[in-house]
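# Residue-level structural notes
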Amino acid sequence: MQIDRMTLENFRNYQCFSQAFSPGVNLILGENAQGKTNLLEAIYALSTGHGFRTRKEAELVRFGQNFADLQAQITGQIRQQTLRVVFFSGRRPKQLYLNDVRRKTQGELTGVLTTVLFCPEDLSMLKAGSSGRRRFVDNGLCQLRPGYASALQLYNRTLEQKSRILRDRFQNPTLLEVLPEYSQRLCQVGAVLIAYRARYLDSLGKAATEYHRAFSGGRETLEIPYRTVSTVTDPMAPTKQLEQQLLEHWQSHREAELESAQCLTGPHRDDFDGVLDGLSLKSFGSQGQTRTAAISLKLAQRQIMSRDTGEEPVLLLDDVLSELDPGRQDFVLNQIQSGQVFITCCEPGRLTKAGQTIRIAAGKLE
Ligand code: ATP
Ligand code: MG
């Protein structure tokens, strides 16, 4: 899919903006604080209904104005559609329109404009604790598999209930009677989560390895092995076997769970490693390598989404070029051959052979 044109009124620092986009690369150039990231955020907001730097709709409205009006023409495989979102500065909830008809929920706009965003905060995904990596996998899977989304919801609810029992049993010891039931249920749903994650990480890993190899000029091999509960011997095994192995793990941690009053067993502690040529990225990755790997993961996510849905998500790359050597910059600017890409950059003189350059100064086209 591609955005043919986007028109903004009073969005962030844009008073009035309208621009046609290339179906390939759109390189957005400008000095610091001119509105490059804001432009990506506008695209993201049209696609998801919210900004990526704030959850507060009012912050998206240009200071001193009452509303922000965002519109875009989108061409997908089948037809051209128009999307429109209006955000208000007060408490009034946003308004959504598809083809000029008001829609009540974001769900009614699903699939019209999908995006995959890379922003500098994503770099910490590979360096920091496991929760960011789990979120990345969960988000990717939830968008593709409704069955996964409901299993995850059920898992989290059951986990919350089990945690409460472990905490509250000191005041109310009869709670211990129902504890095994919750633990077993957690193993049952947990097995479903592991089965989905193993398959997703397998496809993601294969695609990311390929992207990373091309990106690094054939020099580096990226792998993302799945780390789940230690008793699980093969995460691709049938769910019955996974459930059995989760139960074993729980049995051996029963006492420890009671002592610590915490859920110590289950896929809520899952993780995946970023491994480059056999070395952990977390401990040994250089800045450029970490950035290359993080972008490769996003490209892989996009490839899986487009294979699965038949529509290639629009790729939004905020500030990706810094810290990359010329070869890797060339990969981003000229060699991401498929679909529509938006890249922001504050170094003048950058060019793309695969699309157009858009220059921004103080919220205006230059
Ligand atoms: P950098 O190269 O530093 O990343 P940028 O071009 O990406 O810069 P943006 O993050 O897009 O810059 O922000 C540009 C400016 O937009 C900021 O100076 C900010 O004050 C301004 N801005 C943000 N929100 C609003 C708003 N609601 N109304 C008016 N201006 C805003
Ligand atoms: Mg920026």
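The text that follows walks through the structure, step by step, so that each part is easy to find.

Cut-offs used in this document
Note on numbering: residues in each chain are counted from 1, in written sequence order. Written order determines the labels here, with chains lettered from A and ligands numbered from 1. Local features in this predicted model are restricted to residues whose pLDDT is 70 or higher, and side-chain atom pairs enter the listing and the counts only when it is 80 or higher, whereas totals over whole chains, interfaces and linings include all residues. Calculation of side-chain values draws on the structure's entire complement of heavy atoms; hydrogens and water are dropped beforehand. Throughout, the term near means that a residue has one or more heavy atoms lying within 4 Å of the molecule or strand in question. By the criterion applied in these results, polar contacts are pairs of N or O atoms within 3.5 Å in which, for protein atoms, one can donate a hydrogen and the other can accept it, and in which residues neighboring in sequence qualify only through two side-chain atoms. Side-chain classes follow a simple rule in which Ala, Val, Leu, Ile, Met, Phe, Trp, Tyr, Cys and Pro form the nonpolar group, Asp, Glu, Lys and Arg form the charged group, and the remainder, Gly included, forms the polar group. Each residue is assigned to one of three classes by its accessible area relative to the maximum for its type, calculated with a 1.4 Å probe on protein chains only: buried under 20%, partly exposed between the two thresholds, exposed over 50%. Helix numbering and strand numbering both begin at the N terminus, where a helix is a DSSP run of H or I of at least 4 residues and a strand a DSSP run of E of at least 2. Two strands qualify as a pair provided DSSP detects at least 2 bridges between them. To obtain the bend at a residue, axes are fitted to the seven residues ending there and to the seven starting there, and the angle between these axes is taken. Residues count as neighbours in contact if any of their non-hydrogen atoms are within 4.5 Å of one another. Lines fitted to the C-alpha atoms define the axes, with helices restricted to the stretch that makes contact. Angles between their N-to-C directions range from 0 to 180 degrees. Our angle categories are set so that under 35 degrees counts as roughly parallel, over 145 as roughly antiparallel, 65 to 115 as roughly perpendicular, and the remainder as oblique. The sense of a crossing depends on the near helix, which, turned anticlockwise from the far helix by less than a right angle, makes the crossing left-handed and, turned clockwise, makes it right-handed.

### Quick word on the site of ligand 1
In the vicinity of ligand 1, 15 residues are found, and the nearest of them are A33, K36, T37, N38 and V61. Within the backbone of N38, one N or O atom sits 2.8 Å away from an oxygen atom of ligand 1. For the shell around ligand 1, the per-class residue count stands at three nonpolar, six polar and six charged.

### Things to note about the pairing of strand β3 (residues 25-29)
With five of five residues buried, β3 lies mostly within the body of the structure. Inspection of the sheet shows β3 paired to strand β15 (residues 341-345) by five bridges, in the parallel sense. Within β15, the residue paired with I28 across the bridge is T344. Where β3 lies against strand β16 (residues 355-361), five bridges are found, and the strand directions are parallel. Paired with V25 across the bridge in β16 is G355.

### Notes on helix α6 (residues 239-260)
What sets the pattern is the α-helix's 3.6 residues per turn: residues three or four places apart point alike. Of all the bends in α6, the largest measures some 55 degrees and sits at H253. Looking at the buried positions of α6, the neighbouring elements they touch are α4 (146-168) and α5 (179-215). One or two residues past the end of α6 sits A261, with phi positive at roughly 55 degrees.

### Overview of the packing of α4 against α5
As a packed pair, α4 and α5 sit with axes 9 Å apart at the nearest point and diverge in direction by 150 degrees. Considering their axes alone, α4 and α5 lie roughly antiparallel with respect to each other. In the packing of α4 onto α5, the handedness of the crossing is left-handed. Residues G147, Y148, A151, L152, L154, Y155, T158, L159, Q161, K162, I165 and L166 of α4 form the contact with α5, whose own contacting residues are L179, Y182, S183, R185, L186, V189, G190, V192, L193, Y196 and R197.

So yeah, pure geometry; function would need other evidence.
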